[in-house]
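Now for the letters of each chain:
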Amino acid sequence: MTGLSPSPYGGQVPVLRIGDVLLVTLQGDLHDGTAEQLQQDVSEAAADSRVNGVVIDLSGVEIVDSFLGRVLADIAAKTRLLAAETVVAGMRPAVAITLVELGLTLPGLRTALSTEEALRLLGGASISPRYGRTRQESP
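The rules behind each value
Residues numbered from 1 in each chain as written. Predicted model: local features only at pLDDT ≥ 70, side-chain atom pairs only at ≥ 80, totals over all residues. Heavy atoms only, no water. Pairing = 2+ DSSP bridges. Helix = DSSP H or I, 4+ residues; strand = E, 2+ residues; numbered from the N terminus. Buried < 20%, exposed > 50% of the residue type's maximum accessible area, 1.4 Å probe, protein only. Right-handed = clockwise from strand over helix to strand, strands pointing away. Contact = heavy atoms within 4.5 Å. Salt bridge = Lys/Arg side-chain N within 4 Å of Asp/Glu carboxyl O. Expected span 1.5 Å × (residues − 1).

Where an unreviewed UniProt entry is consulted, the protein chain appears under the name STAS domain-containing protein, with the organism given as Streptomyces phyllanthi.

Undergrad: Kindly report on the pairing of strand S6 (residues 109-112), identifying the contributing residues and their values.
TA: Of the strand pairs in this sheet, strand S5 (residues 85-89) and S6 are connected by four bridges, and their pairing is parallel. Considered in S6, the bridge of Ala89 is made with Ala112.

Undergrad: For the pairing of S5, give the residues involved together with the corresponding values.
TA: Counting buried positions along S5 gives four out of five residues, so the element sits mostly inside the fold. Sheet topology places strand S4 (residues 53-60) next to S5; five bridges connect them, and they run parallel. Along S5, the bridge assignment pairs Gly53 with Glu85. As a crossover connection, the stretch from S4 through helix H2 (residues 66-81) into S5 is right-handed. Note on the crossover from S5 through helix H3 (residues 93-101) to S6: the handedness is right-handed.

Undergrad: Let's hear about unusual backbone geometry: which residues, and what values?
TA: Residue Arg50 is not a glycine yet carries a positive backbone phi of 50°. Within the secondary structure, Arg50 is located in the loop between helix H1 (32-49) and S4. Unlike most non-glycine residues, Ala83 shows phi in positive territory, near 65°. Its location among the elements puts Ala83 in the loop between H2 and S5.

Undergrad: Please provide a residue-by-residue account of the side chain of Thr34, values included.
TA: You can see Thr34 is positioned in helix H1. According to the relative accessible area criterion, Thr34 is buried, its value standing at 13%. Apart from residues lying up to four places away in sequence, Thr34 is in contact with Gln12 and Val13.

Undergrad: Could you give me a rundown of the environment of Val24, with the residues and numbers involved?
TA: By secondary structure assignment, the location of Val24 is in strand S3 (residues 21-27). Each C-alpha atom of the pair Val24 and Asp57 lies 6.0 Å from the other, and the pair is 33 residues apart in sequence. The contacts of Val24, once residues within four sequence positions are left out, are Val13, Pro14, Val15, Leu38, Val42, Val55, Ile56 and Asp57.

Undergrad: Break down the pattern of salt bridges for me, with residues and values.
TA: Following the criterion strictly, the structure yields three salt bridges and no others. Where Arg110 meets Glu85, a salt bridge forms, and the shortest distance between an N and an O atom there is 2.9 Å. Highlighted residues: Arg110 in strand S6 and Glu85 in strand S5, separated in sequence by 25 residues. Taking relative accessible area as the criterion, Arg110 reaches 35% and is therefore assigned partly exposed. Given a relative accessible area of 27%, Glu85 falls into the partly exposed group. Its salt-bridge partner being Glu116, residue Arg120 comes within 3.7 Å of it at the nearest N-O pair.

Undergrad: Hey, could you go over H2 for me, with residue numbers and the actual values?
TA: Its 16 residues give H2 an end-to-end C-alpha distance of 23 Å, which sits within 8% of 22 Å, the value for a rise of 1.5 Å per residue. Residues of H2 that are buried: Leu68, Gly69, Val71, Leu72, Ala73, Ile75, Ala76 and Thr79. On the buried face of H2, the contacting elements are H1, S4, S5, H3 and S6. The first or second residue beyond H2 is Ala83, which carries a positive phi of 65°.

As structure tokens, this is what we get:
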């Protein structure tokens, strides 16, 4: 499948499919109920879509707590069981520092500086920043 496909999962945080990857972009504060719904939506989407990876874009998140850190780790663990890899993209330095201070190492998560880099790590699909289309990178 190519292109962007909206999620049918109805949560407050959209889960988009780009080729064989799910893209989740978090903006602002994520309340506990929303985080739990996100965890369920991503797990269901990964199982239903049979994707190879999940990118969670944290560039819009300024603060993170231990609960959100655990939710991210749980998403990675569940998607790994469904044969998909999770990459967290765009983490701000303050968020990384907070996660380390909280003792959350987030096992099973890879990181990337940008969503574009995360998509490349997961197999080559990328978003053209100029037109919002997807393309396949040649190896």
